[in-house]
Amino acid sequence: SSPRPQNWRGMSRRVSSAELAAHATNESCWIVIHGDVYDVTDFHHPGGNDRLFERGGRDASAAFDAIGHSMHATKHMQALRVGQLAPSPDAAAASTSHLPPAPASPRLTHADLPA
């Protein structure tokens, strides 16, 4: 079993991509699904744990969505949640903060529409 952060339940902590990559083995396997990080090391997947372990340390959202999981599975995932994947430094550097803000609420009238 991989070490979970102390008091990890209920916390919304950030997991860096480097920390995620460190959990890419059968002994400690974390995956990302839609931005949330899950410790699936001790989870027994009905389709076989190799499906999880081959995606360890990476984003498994597409594979998760392709299968179509039950509400029970989705609910059970909360017990495995470690936190959220933190934005990468590259993503932060490529932020759009230098762009002008979008209009707050564009309102069109009939006069704005082409004739």
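The present account deals with the structure reproduced in this document. (Residues numbered from 1 in each chain as written. Predicted model: local features only at pLDDT ≥ 70, side-chain atom pairs only at ≥ 80, totals over all residues. Heavy atoms only, no water.)

**Notes on the overall build of the protein**
Move 1: Of the regular secondary structure elements, the protein holds five helices and four strands.
Move 2: Walking the protein from its N terminus toward its C terminus, one meets helices and strands in the order β-α-β-β-α-α-α-β-α.
Move 3: Counting only residues that meet the buried cut, the protein has 29% of its 115 residues in that class.
Move 4: A fraction of 70% describes how many contacts in the protein between residues 6 or more apart in sequence connect residues 24 or more apart.
Move 5: By element, 57% of the accessible surface of the protein is carried by carbon and sulfur atoms, the whole surface being about 8,100 Å². (Helix = DSSP H or I, 4+ residues; strand = E, 2+ residues; numbered from the N terminus. Buried < 20%, exposed > 50% of the residue type's maximum accessible area, 1.4 Å probe, protein only. Contact = heavy atoms within 4.5 Å. Areas by Shrake-Rupley, 256 points an atom, 1.4 Å probe, with all protein chains shown as cover.)

**Focus: the pairing of strand β2 (residues 30-33)**
Move 1: Here β2 shows two buried faces, one formed by Trp30 and Val32 and the other by Ile31 and Ile33.
Move 2: Where β2 lies against strand β3 (residues 36-39), four bridges are found, and the strand directions are antiparallel. Across the sheet, residue Ile31 finds its bridge partner in β3, namely Tyr38.
Move 3: Between the end of β2 and the start of β3, which pair antiparallel, lie two residues, with His34 showing a positive phi angle near 50°. (Pairing = 2+ DSSP bridges.)

**Here we look at the nonpolar core**
Move 1: Of all hydrophobic cores here, the largest spans 11 residues; its members are Cys29, Ile31, Ile33, Tyr38, Val40, Leu52, Phe53, Ala60, Phe64, Met77 and Leu80.
Move 2: If you list the elements that add at least two residues to this core, you get β2 and α2 (50-53).
Move 3: Residue contacts for Ile31: discarding those within four places in its chain leaves Leu20, Asp36, Val37, Tyr38, Val40, Leu52, Arg55, Gly56, Arg58 and Ala60.
Move 4: Membership of the second largest hydrophobic core comes to six residues, among which are Val15, Leu20, Val32 and Val82. (Core = buried A, V, L, I, M, F, W, Y, C linked by side-chain atoms within 4.5 Å.)

**Here's the deal with the pairing of β3**
Move 1: Every second residue of β3 is oriented toward a common face, with Asp36 and Tyr38 on one face and Val37 and Asp39 on the other, all of them buried.
Move 2: In the sheet, β3 pairs with strand β4 (residues 81-85) via three bridges, with the strands oriented antiparallel. Considered in β4, the bridge of Val37 is made with Gly83.

**Brief notes about the environment of Gln84**
Move 1: Relative to the helices and strands, Gln84 is located in strand β4.
Move 2: In this structure the C-alpha to C-alpha distance between Gln84 and Asp36, which are 48 residues apart in sequence, comes to 4.4 Å.
Move 3: Non-local contacts of Gln84, meaning those with residues more than four positions away in its chain, are made with Ser12, Arg13, Arg14, Val15, Gly35, Asp36 and Val37.

**Thoughts on the environment of Gly35**
Move 1: As for its position among the elements, Gly35 is in the loop between β2 and β3.
Move 2: Classification of Gly35 as partly exposed rests on a relative accessible area of 30%.
Move 3: It is 5.4 Å that separates the C-alpha atoms of Gly35 and Leu85, two residues lying 50 residues apart in sequence.
Move 4: What Gly35 contacts, discounting residues up to four positions off in sequence, is Gly83, Gln84 and Leu85.

On their own, these measurements won't tell you what the molecule is for.
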